[in-house]
Amino acid sequence: MARNVELSEFLRRSRARICPASVGLPERGAYRRVPGLRREEVAQLAGVSTDYYTRLEQGRQISPSAGVLEAVAAALRLDAAERAHLFDLAGPKPGTARRRSAPSVQRVRPEVRRFMDSFVDQAAFVLGRRTDVLATNHLARALIADFDAMPVRERNLTRWILLDEAAHALYPDWEQVAAEMTATLRLDAGRHPEDTRTAELVGELAMKSEHFRRWWADHKVFDRTHGTKRHHHPVVGDLTVDYQAFTMSGEPDQTLFMYLPAQEQASQDAWKLLASWSAREPEARRDVGGHGGAPARADNARGFDRRSA
């Protein structure tokens, strides 16, 4: 992907999203023919010349300083993820060297896998570059999907959410979840603009998903740090989970996600049932579809007794 084109589109769409009234400008008037702010207004707010900002937004070959990028980020009201994306597209972050090209093979340390497998009540998984799923524990496989059983090139969370019907069924708020994953993928693409696997993934999703094409064109970015998700699980029914993300020490491109049930009783009960079901042998779980295939509800499965949970 051409960084200059990406930068141009990101800046243009960012200023188009700002309500002029929020920065003390009139929203209506014969002179205002574009949504959001005009280039000269962004330039004024950032304290740079209109010509300089125009060249920056047009993706010209210029090297803005960290101070200029900070001022533009403030003028455009960028959040932390958007600001990081701007620096990835336009120049090095303050006080840091430009990221080196990432190695092609992503590996999770064996100690991390052992750590995850020791969790009894928490679902955990590791995401790498381009939202590849690098490792999962038994509860994550039961809650979301058995990525370990998929071909290696298909072990990608964004791809699964966008293209697999099981994901549509799992998330009552599927459009929000899928749009956020698209924005997360774009954030990663800005960090690694030369990654060919990312380009291949974006091409596949753009070809197969109209939703993805629309969301990708919005140039929104999103950093998943913590939050809440609703699930309609094929085995245990409805539950809400809270999640927290942790950047792996020494592995800046790997993020550990941990999931726990929300505190309300229905989710706690569903989680206990899920933990009981996930503790069964894999062959027994496949009797109810293995979750990620075409699962049946657990109370219709052979030998499963809800009272056992």
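Just above sits the structure.
These notes cover the structure that comes with them. The model shown is predicted, which means the values in this text are computed figures rather than measured ones.

## A few points about the overall build of the protein chain
Point 1. When helices and strands are tallied, the protein chain shows 14 helices and five strands.
Point 2. Counting over 309 residues, the protein chain shows a buried share of 47%.
Point 3. Taking the intrachain contacts of the protein chain between residues at least 6 apart in sequence as the baseline, contacts between residues at least 24 apart amount to 55%.
Point 4. Entry remark: accessible area of the protein chain is about 15,500 Å², with carbon and sulfur atoms responsible for 49%.

## Focus: unusual backbone geometry
Point 1. Unusually for a residue other than glycine, R77 sits at a positive phi of about 55 degrees.
Point 2. Non-glycine residue H219 carries a positive phi angle of around 60 degrees.
Point 3. Secondary-structure assignment places H219 in the loop between α12 (210-217) and β3 (226-233).

## Regarding the nonpolar core
Point 1. Counting 46 residues, the largest nonpolar core has L143, I144, L157, W160, I161, Y259 and W271 as its most contacted members.
Point 2. Leave out the neighbours within four places in its chain, and W271 touches D121, Q122, A123, L139, L143, L239, V241, Y259, L260 and P261.
Point 3. If you look at the next biggest cluster of nonpolar residues, it comprises 23 residues, including L37, V48, A75 and L76.

## Thoughts on the environment of A262
Point 1. Relative to the assigned elements, A262 resides in the loop between β5 (251-261) and α13 (265-278).
Point 2. Along the primary structure A262 and L239 are separated by 23 residues, whereas in three dimensions their C-alpha atoms are 7.9 Å apart.
Point 3. Those residues in contact with A262 that lie beyond four places of it in its chain are T240, V241, D242, S267 and Q268.

## Re helix α4 (residues 66-75)
Point 1. For α4, the full list of buried residues reads V68, L69, V72, A73 and A75. Buried residues of α4, viewed axially, fall in a sector of 160 degrees; they line one side. Away from its buried face, by an angle of more than 90 degrees, α4 presents the exposed residues G67 and A74.
Point 2. At the exit of α4 stands R77, carrying a positive phi of roughly 55 degrees.

## Some points on the packing of aromatic side chains
Point 1. This structure, assessed with the given rule, holds eight aromatic pairs.
Point 2. Arranged with centres 5.3 Å apart and planes meeting at 15 degrees, the rings of F125 and F257 form a pair that is stacked. You can see F125 sitting in strand β1 (residues 123-127) and its partner F257 sitting in strand β5, a full 132 residues away along the chain.
Point 3. Between W174 and W215 the ring centres are 5.9 Å apart and the planes differ by 50 degrees, which places this aromatic pair in the tilted class. You can see W174 sitting in helix α10 (residues 174-191) and its partner W215 sitting in helix α12, a full 41 residues away along the chain. The pair formed by W174 and W215 is uniform in burial state, with each residue classed as buried.
Point 4. Grouping aromatic residues by their ring pairs yields a cluster made of F125, Y243, F257 and Y259.
Point 5. Seen from the ring of W216, R186 lies directly overhead, with NZ or CZ sitting 3.9 Å from the centre.
Point 6. Sitting over the face of the ring of F257, R224 holds its NZ or CZ atom 4.7 Å from the ring centroid.

Rules and cut-offs
Residues numbered from 1 in each chain as written. Predicted model: local features only at pLDDT ≥ 70, side-chain atom pairs only at ≥ 80, totals over all residues. Heavy atoms only, no water. Helix = DSSP H or I, 4+ residues; strand = E, 2+ residues; numbered from the N terminus. Buried < 20%, exposed > 50% of the residue type's maximum accessible area, 1.4 Å probe, protein only. Contact = heavy atoms within 4.5 Å. Areas by Shrake-Rupley, 256 points an atom, 1.4 Å probe, with all protein chains shown as cover. Core = buried A, V, L, I, M, F, W, Y, C linked by side-chain atoms within 4.5 Å. Arc of directions from axis to C-beta. Phe/Tyr/Trp six-rings, centres within 6.5 Å; stacked < 30°, edge-to-face > 60°. Lys NZ or Arg CZ within 6 Å of the ring centre and 35° of its normal.

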